[in-house]
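A look at the structure
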Amino acid sequence: MIRLRPVKVNNKKLFHEIAKKKQFRNPHCQTCEEPQDDCGSCLHGNRGKMLSLEAYVFGRYDFYEAHTNDLNAIQPEHTLNEESAKLIRDSYEHSTAFQDARKKIFDAIPPEMQGKCPFCMISEPTTLEHYFPESVYPEYILYAPNLVPCCSHCNELKGTSVFDDHHTRRIIHFYFDDLPEETFLKAAIRIEDGIPIVQFTLEFAHPSQMTKIVQNHFEALQLQKRYQRQVAGELSTLCREIREYTQNGLPMEMVRTILRARMNSFRRTHGENYWKASLYEALLEEDEAQLQQMVQSA
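A brief look at the structure comes next.

Rules and cut-offs
- Residues numbered from 1 in each chain as written.
- Predicted model: local features only at pLDDT ≥ 70, side-chain atom pairs only at ≥ 80, totals over all residues.
- Heavy atoms only, no water.
- Helix = DSSP H or I, 4+ residues; strand = E, 2+ residues; numbered from the N terminus.
- Rg over C-alpha atoms; globule rule 2.2 N^0.38 Å.
- Buried < 20%, exposed > 50% of the residue type's maximum accessible area, 1.4 Å probe, protein only.
- Contact = heavy atoms within 4.5 Å.
- Areas by Shrake-Rupley, 256 points an atom, 1.4 Å probe, with all protein chains shown as cover.
- Lys, Arg positive; Asp, Glu negative; His and termini not counted.
- Charge placed at Lys NZ, Arg CZ, Asp CG, Glu CD.
- Phe/Tyr/Trp six-rings, centres within 6.5 Å; stacked < 30°, edge-to-face > 60°.
- Lys NZ or Arg CZ within 6 Å of the ring centre and 35° of its normal.
- Salt bridge = Lys/Arg side-chain N within 4 Å of Asp/Glu carboxyl O.
- Pairing = 2+ DSSP bridges.
- Core = buried A, V, L, I, M, F, W, Y, C linked by side-chain atoms within 4.5 Å.
- Axes fitted to C-alpha atoms, helices over the stretch in contact; angles between N-to-C directions.
- Left-handed = near helix turned anticlockwise from the far one by under 90°.

Focus: the overall build of the chain
- Across its full length, the chain holds eleven helices and four strands.
- A globule of 298 residues ought to have a C-alpha radius of gyration of about 19 Å, yet the chain, at 25 Å, is considerably larger.
- By principal-axis analysis of the C-alpha atoms, the chain measures approximately 90 × 40 × 30 Å.
- For the chain, the proportion of its 298 residues judged to be buried stands at 48%.
- For the chain, the share of sequence-separated contacts (at least 6 apart) that also reach a separation of at least 24 residues comes to 69%.
- Summed over its atoms, the accessible surface of the chain is roughly 15,400 Å², and 47% of this surface lies on carbon and sulfur atoms.
- Taking the average location of the 35 positive side-chain charges in the chain and that of its 42 negative ones, the two points are 4 Å from each other.

What about the packing of aromatic side chains?
- One pass over the structure, following the stated rule, counts 22 aromatic pairs.
- Taken together, a centroid distance of 6.2 Å and an interplanar angle of 25° make the contact between Tyr137 and Tyr140 stacked.
- Owing to a relative accessible area of 0%, Tyr140 belongs among the buried residues under this scheme.
- When the centroid spacing of 6.4 Å and the interplanar angle of 80° are considered together, the rings of Phe184 and Phe218 count as edge-to-face. Here Phe218 lies in helix 7 (residues 209–220) and Phe184 lies in the loop between helix 6 (152–158) and strand 3 (185–192), a separation of 34 residues in the sequence. In this pair, the class of Phe184 matches that of Phe218, namely buried.
- Feature note: the residues Phe15, Phe58, Tyr61, Tyr64, Tyr131, Phe132, Tyr137, Tyr140, Tyr143, Tyr175 and Phe176 constitute an aromatic cluster, connected by ring pairs.
- Lying over the aromatic face of Tyr131, Lys158 brings its terminal NZ or CZ to 5.6 Å of the ring centre.

Some thoughts on the pattern of salt bridges
- The final tally for this structure, using the stated rule, is 15 salt bridges.
- A salt bridge links Asp178 to Arg3; the nearest nitrogen and oxygen atoms lie 2.3 Å apart. Here Arg3 lies in the segment before helix 1 (11–20) and Asp178 lies in the loop between helix 6 and strand 3, a separation of 175 residues in the sequence.
- Here Arg3 falls in the partly exposed class, since its relative accessible area comes to 42%.

What about the pairing of strand 2 (residues 147–150)?
- Neither face of strand 2 is left uncovered, since the one carrying Leu147 and Pro149 and the one carrying Val148 and Cys150 both have all their residues buried.
- Pairing of strand 1 (residues 127–130) with strand 2, which is carried by four bridges, proceeds in the antiparallel orientation. Residue pairing for strand 2: Thr127 is matched across the bridge by Cys150.

What about the nonpolar core?
- Ranked by size, the top nonpolar core spans 92 residues in total, and within it Phe132 and Leu142 carry the most contacts.
- Those residues in contact with Phe132 that lie beyond four places of it in its chain are Tyr64, Leu71, Ile74, Tyr137, Tyr140, Asn146, Val162 and Phe163.

Looking at the packing of helix 8 (residues 223–247) against helix 9 (residues 252–270)
- Their axes nearest at 10 Å, the elements helix 8 and helix 9 cross at an angle of 140°. The way helix 8 lies across helix 9 gives a crossing that is right-handed. Counted together, Leu238, Glu241, Ile242, Tyr245 and Thr246 of helix 8 and Met252, Val255, Ile258, Leu259 and Arg262 of helix 9 form the full contact between these two elements.

Structure below.
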């Protein structure tokens, strides 16, 4: 897991550009007696309706920006009615200007992370997750700092609830949260009926509000179970590779050096708590007899 940088987008200008491109002509125009110059701001049309939302939406943008270090303060206001929310939501789905911004968000993902969902580090990020969900915070539907690249599975599991029953956030915000600077994702390997079984746990040296958010994140997205499903094939392949090394005469100490180099590379690229790095660390902690047993059983 690594922190991402929010893409640089002029969010207020983007909202204004989208609003100005909205249509304003409708059946009302046939009986309207107002001057033609007022059409662009007429509240009977979508253009005027969306422009009239700018003061409120921009105020909420400013509030979000001022509280990126205190995201708990961003509470729903339920100010926008369903018609206004739908107007913004339709822009998210159909606006060409927003699609350009969407592309910028995906392009801003570091090259080494392009194929990794930051929420789970398993699947490819193919959707944008509204961190503060659009159904509750429609004012942030088009706001780039609220849109995090995500895989469809994590997007579905996250749901629409930001906070747990104790008002602690359930999901890490990968633009603004400072992740704990420690290795907290641990893997342990045991042999059952000759088959290696890997179990992932979370262990924190210094519990805090942020570590609770991490725990909630893992629980909400079922990450430990998902990692355990992923690791079976990974471990089998790795054991076969180690067996080939040793059969070709490579000393086990040299094999451990290779594993350690890979583990360190994973952590430099994908963060201290990347699940594959935790698997390699667990292998390195096995004594030679246990490692040989695993290798031979694969």
